[in-house]
Amino acid sequence: MTDILEALRDLLDDDAVLAPDQAAQRASSYWDPAPLRAAALVRPRDARETGLVLALCHDRGQPVVTHGGLTGVVDGVRSGPGDVVLSTERMTAIEALDDVGRTVTAGAGVTLQRLQEAAAARGLLVPIDLGARGSCTIGGNVATNAGGINVIRHGMTRDNVLGLEAVLADGTVVTSLNRMVKNNAGYDVRQLFVGSEGTLGVVTRVVVRLVEAPAGRTTALASVPSFDVVPSLLRALERALGGQLTAFEVMWGDYVRAVTEPGLHRAPMGRDHPFYVLVEAEGGDPATDRAAFLAALERVMAGELVTDAVVAHSETERRALWAIREQFEALFERRPIFLYDVSLPLGSMAAYVDEVQARLRRRWPDSRCDAMGHVGDGNLHLFVHPGTATGDDLHAEADDDVYEPLRPIGGSISAEHGIGLEKRDRLPISRSPAEIELMRTVKRALDPRNILNPGKVLPPA
Ligand SMILES: Cc1cc2nc3c(=O)[nH]c(=O)nc-3n(C[C@H](O)[C@H](O)[C@H](O)COP(=O)(O)OP(=O)(O)OC[C@H]3O[C@@H](n4cnc5c(N)ncnc54)[C@H](O)[C@@H]3O)c2cc1C
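Residues numbered from 1 in each chain as written. Predicted model: local features only at pLDDT ≥ 70, side-chain atom pairs only at ≥ 80, totals over all residues. Heavy atoms only, no water.

Check the secondary structure of the chain and you find 15 helices and 18 strands. Here the C-alpha atoms of the chain give a radius of gyration of 23 Å, agreeing with the 23 Å that 2.2 N^0.38 yields for 461 residues. Along the longest, intermediate and shortest principal axes, the C-alpha atoms of the chain span 75 × 60 × 45 Å. Taken across its 461 residues, the chain has 53% of its residues classed as buried. In the chain, once contacts between residues fewer than 6 apart in sequence are set aside, the share between residues at least 24 apart is 71%. For the chain, the accessible area works out to roughly 19600 Å², and carbon and sulfur atoms hold 51% of it. In the chain, the 48 positive side-chain charges and the 62 negative ones have mean positions that sit 2 Å from each other. (Helix = DSSP H or I, 4+ residues; strand = E, 2+ residues; numbered from the N terminus. Rg over C-alpha atoms; globule rule 2.2 N^0.38 Å. Buried < 20%, exposed > 50% of the residue type's maximum accessible area, 1.4 Å probe, protein only. Contact = heavy atoms within 4.5 Å. Areas by Shrake-Rupley, 256 points an atom, 1.4 Å probe, with all protein chains shown as cover. Lys, Arg positive; Asp, Glu negative; His and termini not counted. Charge placed at Lys NZ, Arg CZ, Asp CG, Glu CD.)

In structure tokens:
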């Protein structure tokens, strides 16, 4: 049998297939600068070429790891020297932007930001948005069912994908480019692939629902006296702003202090508050929307739900407020650092964070655990630093402290980042044996030779 590199070169143009030494010139991912390891890196242009690659790999039982923008957080793109890496980087066409039906059809490798810009040029909005927008791809967003900062208003990626095209493990192309909101004709094929993290098929094209672009946005950073008032604040703002609230991001005081140290982000208000909330609303009439937003803010301040607030007066000021929430690279100066993404009922959140911090401090007295997240969606991100502790099991020990307290409250070990390799062995915390067995049945049906991202998502049987 010819070597896999040669066999792939027989199928596609020479420049579509990179040898291991060429692949090694790339980083493994956004988070891991180590050289990428692969038996070959293949860059098909479309579903047909993807089908040829997968049919070949299927025949040979050759593992394939799909790569989008490599911003995924759970080690889902990890490859070894025996894997074929399939990158969607050449699937970059925005094929159709239908401003009557309000949909856009795009190649899986189009970055989210490019898609957003194309929609904005026609007065429309892609309802999906996240901090990695400049690098992540729409195919990767579908594969991870990405959440992000607008979920409170527009839902997860799952809610905004109308159709897609995917290639199965054996090379079969499934074209399901539905453009209607309503289509109950049988099983919903597209949803099989949303959130499947490259284990059930390779997504090659996506149809995304668009909505009218807002005429304006109002953004404020508010300080709140304790977490106890956060649920009331959320409800008060939802009630006052109708459906216009698009973001409700809570940051624990220690998180804000860490990212606004001198030389980092400028602190727009006092740095000694216990909690901060970034609030954003979108609407169709900037003048009245802003007035309604300010009135709502005044009411919650009068009701002592908010102690202080800063409202952005320009796009530059808005971006500066968002930078505090989205640009947390400073935390990664602490090494090692473990990033978590969990979800749980809002009412259990403050006690949960207290318990995790207490467990970590008992284990490592000088540890840090900073918290923030899309709290309006019940989603928390934790940044855990074990302080001066050393050892090979630090990450697993931190996992115990973060995940175990989720069991009694029915929380999820993954709100929006997926499972990948990193959380695979913890899946039983959030899914029952019957659920995991059903997932295995689906995997066996679609990928009987287990070539697609093998070893990811599902724990060994
Ligand atoms: C600064 C920053 C902020 C972030 N904020 C958020 C956030 O708010 N919300 C959130 O949900 N995530 C967030 N993320 C995580 C990440 O951006 C998302 O998971 C994103 O959807 C991954 O897209 P990607 O193209 O980079 O995928 P990759 O990282 O390349 O891949 C992720 C997984 O999907 C699979 N995959 C990729 N493309 C395809 C395809 N076409 N077909 C089949 N499988 C595929 C891969 O095999 C892998 O398992 C953030 C990341 C960063 C760096």
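Picking up where we left off.
Before going further, it helps to examine the packing of helix α12 (residues 349–363) against helix α13 (residues 394–403). Packing of α12 against α13 brings their axes to within 8 Å, and their N-to-C directions diverge by 150 degrees. Judged by the angle between their axes, α12 and α13 are roughly antiparallel. Here α12 and α13 pass one another in a crossing that is right-handed. The residues of α13 that touch α12, namely those facing Tyr352, Val356, Arg359, Leu360 and Arg363, are Glu397, Ala398, Asp400, Asp401 and Val402. Grouping the constituent residues of the contact of α12 with α13 by class yields five nonpolar, no polar and five charged. (Axes fitted to C-alpha atoms, helices over the stretch in contact; angles between N-to-C directions. Parallel < 35°, antiparallel > 145°, perpendicular 65-115°, else oblique. Left-handed = near helix turned anticlockwise from the far one by under 90°. Nonpolar A, V, L, I, M, F, W, Y, C, P; charged D, E, K, R; others polar.)

Spanning 15 residues, α12 covers 21 Å between terminal C-alpha atoms, matching the ideal 21 Å at 1.5 Å per step. Turning to α12, its buried residues number three or more, namely Met349, Tyr352, Val353, Val356, Gln357 and Leu360. Seen from one end, α12 has its buried residues packed into an arc of 130 degrees, which puts them on one side. Across from the buried face of α12, at angles greater than 90 degrees, the exposed residues are Ala351 and Arg362. Tucked inside the fold, the buried residues of α12 contact β13 (245–252), β16 (338–343), β17 (368–373), β18 (379–385) and α13. (Expected span 1.5 Å × (residues − 1). Arc of directions from axis to C-beta.)

Time to look at the layout of surface pockets. By volume, the second largest pocket amounts to about 810 Å³. In this structure, the second largest pocket is lined by 31 residues; those nearest its centre are Arg158, Gly195, Arg431, Met439 and Val457. Listed by contribution, the elements that provide at least two residues to the lining of the second largest pocket are α5 (138–144), α7 (189–193), α14 (427–430) and α15 (433–446). The element best represented in the lining of the second largest pocket is α15, accounting for five residues. (1 Å grid on protein atoms, 1.4 Å probe; cavity = no way out; pocket = protein on both sides within 12 Å on 5 of 7 lines; lining within 4 Å. Points joined across faces, edges and corners; volume = space filled by probe spheres on them.)

As enumerated under the stated definition, the model contains 34 salt bridges in all. For the salt bridge of Arg133 with Glu326, the shortest nitrogen-to-oxygen distance reads 3.0 Å. Here Arg133 is found in the loop between β7 (124–125) and α5, whereas its partner Glu326 is found in helix α11 (residues 315–326), with 193 residues between them in sequence. Neither Arg133 nor Glu326 differs from the other in exposure class; each is buried. Among the salt bridges present, the one from Arg359 reaches Asp401, with a minimum N-O distance of 3.9 Å. (Salt bridge = Lys/Arg side-chain N within 4 Å of Asp/Glu carboxyl O.)

Take the domain arrangement of the chain next. Here the domain parsing of the chain yields domain 1 (4–87), domain 2 (94–212), domain 3 (216–326) and domain 4 (334–419). If you average the C-alpha positions of domain 1 and of domain 3, the two centres end up 43 Å apart. (Domains from an automatic or database assignment.)

Turning next to the environment of Pro459. Within the secondary structure layout, Pro459 lies in the segment after α15. Beyond its immediate sequence surroundings of up to four residues, Pro459 is in contact with Arg424, Asp425, Leu427, Pro428 and Arg440.

Core analysis: the largest hydrophobic core is formed by 54 residues, its most contacted members being Leu233, Phe248, Val250, Tyr352, Leu380 and Val402. Top element by residues in this core is helix α8 (residues 230–241). It accounts for six residues. The residue makeup of this core includes at least three contributed by each of domain 3 (216–326) and domain 4 (334–419). The contact partners of Leu233, leaving out residues within four places of it in the chain, are Val224, Phe248, Val277, Val300, Leu305 and Val306. Counting residues in hydrophobic clusters, the runner-up holds 27 residues, among them Val104, Val126, Leu168 and Leu200. (Core = buried A, V, L, I, M, F, W, Y, C linked by side-chain atoms within 4.5 Å.)

With 14 residues, α15 should reach 20 Å at 1.5 Å per residue; the first-to-last C-alpha distance of 20 Å fits that figure. Buried residues of α15: Ile436, Arg440, Lys443 and Leu446, and no others. Angularly, the buried residues of α15 cover 135 degrees about the axis, an arc narrow enough to put them on a single face. The outward face of α15, more than 90 degrees from its buried face, is lined by the exposed residues Ala434, Leu438 and Ala445.

This part covers the packing of aromatic side chains. By the definition in use, this model includes 10 aromatic pairs. Taken together, a centroid distance of 6.1 Å and an interplanar angle of 25 degrees make the contact between Tyr255 and Phe383 stacked. Residue Tyr255 is located in helix α9 (residues 253–259), and its partner Phe383 is located in strand β18; the two are separated by 128 residues in the primary sequence. Grouping residues by exposure puts Tyr255 and Phe383 together as buried. Ring centres 5.5 Å apart and planes at 80 degrees place the aromatic pair Tyr340 and Tyr403 in the edge-to-face group. Placement of the pair is Tyr340 in strand β16 and Tyr403 in helix α13, with a sequence separation of 63 residues. Tyr403 carries the same exposure label as Tyr340, and that label is buried. Members of the aromatic cluster, connected to one another through ring pairs, are Tyr30, Trp31, Tyr255, Phe328, Phe332 and Phe383. The ring of Trp364 has Arg363 sitting right over it, with the charged end atom 5.8 Å from the ring centre. (Phe/Tyr/Trp six-rings, centres within 6.5 Å; stacked < 30°, edge-to-face > 60°. Lys NZ or Arg CZ within 6 Å of the ring centre and 35° of its normal.)

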